[in-house]
Amino acid sequence: MYFSSINDSLSLPRYPAVIERVLKYLRETDLAHMECGVYELEGKKLYVQLFETETGEVSERKPESHKQYLDVQYLVSGAESIGCTPYKHNYEVSEDLLAERDLLFYTSGDNETSINLEPGCFT
């Protein structure tokens, strides 16, 4: 997992090439003035899904994972606290949306850590 800001110096390459392409897009695009929706950057291979959401209570959130795609979370405005935990194969799946959205939800995760995001942060 990566956690940083698009405002960090990129004088030294330190992310995989696909992440670098995403960060370049985030730096060069005014997401705050775009409509919510899906924007293909490299077809279905690399795309941005822009949406607005209200942060819910921690007790209402479920751990999630993806199998096909990387999921780069980027905060355009506001503040958010997200949880992260190392993936374990024995987690109980509560909802399987792999076919529709490349998404699995789990009933719980172990050793969850909170990360506080501010505008410009990504994970």
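Parameters and conventions
Residues numbered from 1 in each chain as written. Predicted model: local features only at pLDDT ≥ 70, side-chain atom pairs only at ≥ 80, totals over all residues. Heavy atoms only, no water. Helix = DSSP H or I, 4+ residues; strand = E, 2+ residues; numbered from the N terminus. Pairing = 2+ DSSP bridges. Buried < 20%, exposed > 50% of the residue type's maximum accessible area, 1.4 Å probe, protein only. Contact = heavy atoms within 4.5 Å. Polar contact = N/O pair within 3.5 Å; in protein donor to acceptor, adjacent residues only side chain to side chain.

## Some points on the environment of Asn7
Note on placement: Asn7 falls in the loop between β1 (4-5) and α1 (17-28). For the pair Asn7 and Leu23, spaced 16 residues apart in sequence, the C-alpha to C-alpha distance is 9.7 Å.

## Considerations on the sheet that holds strand β6 (residues 93-96)
The strand order across the open sheet built from three strands is β4-β7-β6, with neighbouring strands paired in antiparallel fashion. Of all the strands in the sheet, just β4 (64-65) and β6 have a single pairing partner and so form its edges. The pairing of β4 with strand β7 (residues 104-106) spans two bridges and is antiparallel. Counted as the bridge partner of Glu64 is Phe105 from β7.

## Structural notes on the environment of Tyr39
Considering the arrangement of structural elements, one finds Tyr39 in strand β2 (residues 37-40). Overall, the relative accessible area of 26% leaves Tyr39 in the partly exposed class. Considering only alpha carbons, one finds Tyr39 and Gln49, ten residues apart in sequence, at a separation of 6.4 Å. Dropping the residues within four chain positions of it, Tyr39 is found in contact with Tyr25, Met34, Tyr47, Val48 and Leu50. There is a polar contact of 2.5 Å between the side chain of Tyr39 and the backbone oxygen of Glu35.

Purely geometric stuff here, so don't read any function into it on its own.
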